[in-house]
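Notes for the structure review
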Amino acid sequence: MNPSAPVARHCPVCGSSSKSAIYSQHFSGLSGAALFEGYDVVVCNDCGLGYADGLPPQEAFNSYYRDLSKYESANNYGALAPYDLIRFPETVGLIAGAIPDRAVRVLEIGCSTGGLLQALQAGGYKNIVGLDPSPVCTRIARERCGAETITGSLSDLRPENGPFDVIILGSVLEHLRDTEETMNILKSLLPPTGYLYLEVPDASRFSEHTQAPFQEFSLEHITYFSPRSLDNLLGANGFTPVFSHQGTPETRPGVFSFEIKALYRMTGKISSPVRDVVTGPSLTAYVEKCRSMERGLSPVLDGLAESRRPIVVWGVGTQTQHLLSSSRLRDANIVAFVDSNPNYQGRTLHGAPVLAPAALASHSEPILISSLQFEAEIAEQIRNGLGLKNEIITLRGTPAAAARNDA
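The paragraphs below set out a description of the structure included in this document. Just so it is clear, the structure is predicted and the values come from calculations on it, not from any experiment.

**Some details on the overall build of the protein chain**
When its secondary structure is counted, the protein chain shows 12 helices and 19 strands. With respect to the principal axes defined by its C-alpha atoms, the protein chain has extents near 65 × 50 × 45 Å. For the protein chain, with 407 residues in total, the buried portion stands at 54%. Summarising the internal contacts of the protein chain: among those between residues at least 6 apart in sequence, 71% fall at separations of at least 24. Accessible area for the protein chain stands at about 16,500 Å²; split by element, carbon and sulfur atoms hold 52% of it. Considering the protein chain, the positive charge centre built from 33 side chains and the negative charge centre built from 42 side chains are found 1 Å apart.

**Looking at the nonpolar core**
Among the nonpolar cores identified, the biggest contains 49 residues, and Tyr39, Phe217, Tyr224, Ile334, Phe337 and Leu368 are the most heavily contacted of them. Of all elements in the fold, only strand S2 (38-44), helix H1 (58-67), helix H8 (279-295), helix H9 (298-307), strand S14 (311-314), helix H10 (318-326), strand S15 (334-338) and strand S17 (352-355) reach the threshold of two or more residues within this core. Beyond its immediate chain neighbours, meaning those up to four positions away, Ile334 contacts Ile311, Val313, Leu324, Leu329 and Ala352. Ranked by size, the runner-up nonpolar core spans 36 residues in total, among them Val13, Tyr51, Leu107 and Leu186.

**Section: the layout of surface pockets**
Within this model, the second largest pocket holds a volume of roughly 260 Å³. Surrounding the second largest pocket, 15 residues form its lining, His10, Cys11, Pro12, Thr179 and Glu180 being those nearest its centre. It is helix H6 (residues 179-189) that provides the largest number of residues to the lining of the second largest pocket, a total of three residues.

**As for the sheet that holds strand S13 (residues 259-266)**
Read from one edge to the other, the open sheet built from seven strands follows the order S6-S5-S4-S7-S8-S13-S10, with strand pairing classed as mixed. Looking along the sheet, the strands with just one partner apiece sit at the ends: strand S6 (148-151) and strand S10 (239-247). Between one strand axis and the next, the sheet turns through 15 degrees on average, direction left out of account. Where strand S5 (residues 128-132) meets S6, four bridges bridge the pair, whose relative direction is parallel. Across the sheet, Gly130 pairs through a bridge with Thr149, a residue of S6. Contacts between helix H4 (residues 115-122) and the sheet are confined to strand S4 (106-109), S5 and strand S7 (166-170), with S5 contributing the most and set at about 175 degrees to the helix. The strands touched by helix H5 (residues 135-145) are S5 and S6; relative to S6, the strand with the most contacts, the crossing angle is about 175 degrees.

**Looking at the packing of aromatic side chains**
Taken as a whole and judged by the stated rule, the model has 12 aromatic pairs. Centre to centre, the rings of Phe36 and Tyr39 are 5.5 Å apart; their planes meet at 80 degrees, and the pair counts as edge-to-face. What links up through ring pairs into an aromatic cluster is the set Tyr23, Phe206, Phe214, Phe217, Tyr224 and Tyr286.

**Details of the sheet that holds strand S9 (residues 223-224)**
Spatial ordering of the open sheet is given by S1-S2-S3-S9, a layout of four strands whose pairing is antiparallel. A strand with exactly one partner marks an edge of an open sheet, and here the two such strands are strand S1 (19-26) and S9. Looking at chain direction, S2 and strand S3 (residues 50-53) are connected through four bridges and run antiparallel. Bridge pairing links Val42 to Tyr51 in S3. Along the sheet, H8 makes contact with S1, S2, S3 and S9, crossing S1 at roughly 30 degrees.

**As for the pairing of S13**
Taking burial as the measure, the eight residues of S13 include seven buried ones, the bulk of the element. Of the strand pairs in this sheet, strand S8 (residues 195-201) and S13 are connected by seven bridges, and their pairing is antiparallel. Note that in S13 the partner of Val200 across the bridge is Ile260. In the sheet, S10 pairs with S13 via eight bridges, with the strands oriented antiparallel. Within the sheet, the bridge partner assigned to Phe243 lies in S13 and is Leu263.

**Concerning the environment of Leu131**
Relative to the elements of secondary structure, Leu131 occurs in strand S5. What makes Leu131 buried here is its relative accessible area of 2%. Between the C-alpha atoms of Leu131 and Ser371, which are 240 residues apart in sequence, the distance is 30 Å. Among residues more than four places away in sequence, those in contact with Leu131 are Leu107, Glu108, Ile109, Gly110, Cys111, Ile150, Gly152, Ser153, Leu154 and Leu157.

**Describing the pattern of salt bridges**
Following the criterion strictly, the structure yields 13 salt bridges and no others. Here Asp202 and Arg205 are joined by a salt bridge, their closest N and O atoms 2.8 Å apart. Per residue, the accessibility class of Asp202 equals that of Arg205, and both read buried. The structure contains a network of salt bridges with shared partners spanning Asp84, Arg87, Glu199, Glu259 and Lys261.

Rules of the game
- Residues numbered from 1 in each chain as written.
- Predicted model: local features only at pLDDT ≥ 70, side-chain atom pairs only at ≥ 80, totals over all residues.
- Heavy atoms only, no water.
- Helix = DSSP H or I, 4+ residues; strand = E, 2+ residues; numbered from the N terminus.
- Buried < 20%, exposed > 50% of the residue type's maximum accessible area, 1.4 Å probe, protein only.
- Contact = heavy atoms within 4.5 Å.
- Areas by Shrake-Rupley, 256 points an atom, 1.4 Å probe, with all protein chains shown as cover.
- Lys, Arg positive; Asp, Glu negative; His and termini not counted.
- Charge placed at Lys NZ, Arg CZ, Asp CG, Glu CD.
- Core = buried A, V, L, I, M, F, W, Y, C linked by side-chain atoms within 4.5 Å.
- 1 Å grid on protein atoms, 1.4 Å probe; cavity = no way out; pocket = protein on both sides within 12 Å on 5 of 7 lines; lining within 4 Å.
- Points joined across faces, edges and corners; volume = space filled by probe spheres on them.
- Pairing = 2+ DSSP bridges.
- Axes fitted to C-alpha atoms, helices over the stretch in contact; angles between N-to-C directions.
- Phe/Tyr/Trp six-rings, centres within 6.5 Å; stacked < 30°, edge-to-face > 60°.
- Salt bridge = Lys/Arg side-chain N within 4 Å of Asp/Glu carboxyl O.

Function cannot be inferred from these measures alone, as they are strictly geometric.
Structure below.
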């Protein structure tokens, strides 16, 4: 039996095996780095949670985040984005408003390069520990603020690592396959009245501001929480809400993220799930919006497939791997891919090599920017960072800003 073979999931909140399919997501994977070829997006018929079904075991995800982390390179090896400089202090403010005692012991799970740990220090919290599966991330985090860091996954922690008065999972819970195991570990690390702070994408609002088709059904986001389903999960495990906020932060000019920020206290009081009636209709609306958006990309992709002219594709993440499986991008004459993540470089995708950006100096082919969210930034890097004159093609068929300005 293949230990990484996909297996069916029961509902991560209520354990039910009764579910209704919403969408089937498919990917064309990187060589030696394919976590899975796809999954079904389903909604639990009993409690209403949305989740990805047909996934490999948690161990496969742990290896993926350890060996293929994109987070150290995504933020330029420790440099904080302007959005992070705003949101991290805001998170500390929310926590401090409910937990003013700065002597509490705090664990951040998925600490990445330590931006929130640093903000916690600035807010007066000194007894802090960070956990991340990426050795590069934990090293940067340790160098950033001198905090204790642990390289590993949540499943590597043992009760003797605790207790922690506060555990933080910021944009982590939606990545974890086995929520029952997750909650058991968290409870083993907390004292009887400990706190759990969570930030997750808000599935009840996916369709309100769609940046790129099916981006929320990514290689990494595999459980889709609404405020109700998050309360259901925590209530079933003996946690009582302290606060829950739905936020819409601007991550870049004109780009918004829908998220839930919530704090729970472990009280031992078990509450039964209240059916989530929002997530199913929200995910259905999101799928229809994404399909419409994807149809708008067809003229460019069809044209590339029919012309067969050689191209280089910039970007090998969720969007590209999805388009290679679902559109005529798979029929284009792709001579190479480019990605800034060194963990992806040297691999192949769809039979073509994945190169570092600097390798484009020896390529004269047109460059297709396979990203709607970062189109302007990539065009800027091509023109002004790398000084390249290659033709730039965008998925929408419109000139990229940097290409327009320097033409």
